[in-house]
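# Close look at the chain arrangement
Chain by chain, the residues:
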Amino acid sequence: RLLGRKGPLVFLDKTCIDQVNQDLKRKGIEKLSAFVIASRTMVVVYCADYLKRLWTVYELASFLAHNESLYAVRLVPIPQVKAFF
């Protein structure tokens, strides 16, 4: 394992794909399929806007296309937080 550590490895797209540098972001997106194909489980932190974003629909569809079981997807619903200023 990486650095001698045991246990599951996690790919968190929001932190593993650069959100500021557009060149690094593009490179991260290009490699996304390698993480999806190698993944045994996908945890979806689900909110009301999840299926309204092309990015998240793409990730979920890609995972389901490469995985035989719907049970490999874990949905973690979170309440929609509305802030009033």
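These lines cover the structure that appears in this document, whether it is placed above or below. Every chain is numbered independently, its residues counted from 1 as its sequence is written. pLDDT decides what is reported in this predicted model: residues at 70 or higher carry local features, side-chain atom pairs at 80 or more are listed and counted, and totals for whole chains, interfaces and linings draw on all residues regardless. Based on all heavy atoms of the structure, the side-chain values leave hydrogens and waters out of the count.

Before going further, it helps to examine the overall build of the chain. Here a strand is any run of E in DSSP of at least two residues, a helix any run of H or I of at least four, and the numbering for each starts at the N terminus. If you tally the helices and strands in the chain, you get four helices and two strands. When its helices and strands are written in sequence order, the chain yields α-α-α-β-α-β. Only protein chains enter the area calculation, which uses a 1.4 Å probe; residues under 20% of their type maximum are buried, those over 50% are exposed, and those in between are partly exposed. Counting the 85 residues in the chain, one finds 20% classified as buried. Working rule for contacts: check all heavy atoms of both residues, and any pair within 4.5 Å makes them a contact. Sequence-distant contacts, at least 24 apart, represent 52% of the contacts inside the chain between residues at least 6 apart. Residue exposure ignores everything except the shown protein chains as possible cover, and the areas themselves are Shrake-Rupley values with a 1.4 Å probe. With an accessible surface of roughly 7400 Å², the chain has 63% of that area assigned to carbon and sulfur atoms.

Put simply, side chains in a regular strand alternate between the two faces of the sheet. Of the pairings in the sheet, the one linking strand β1 (residues 42-46) to strand β2 (residues 73-77) comprises five bridges and is parallel in character. Residue pairing for β2: V45 is matched across the bridge by V76. In this fold, β1 hands off to helix α4 (residues 54-66), which returns the chain to β2; that crossover is right-handed. At least two DSSP bridges between two strands are needed for those strands to be called paired. Whether a crossover is right-handed depends on one test, that the path from the first strand over the helix to the second runs clockwise when the strands point away from the viewer.

Our focus in this paragraph is the environment of V44. Tracing the backbone through its elements, the reader meets V44 in strand β1. For V44 and V76, which are 32 residues apart along the polypeptide, the C-alpha to C-alpha distance reads 5.9 Å. Apart from the residues lying within four places of it in its own chain, the contact partners of V44 are Y50, L60, V73, R74, L75 and V76.

Honestly, it's all geometry; don't read function into it.
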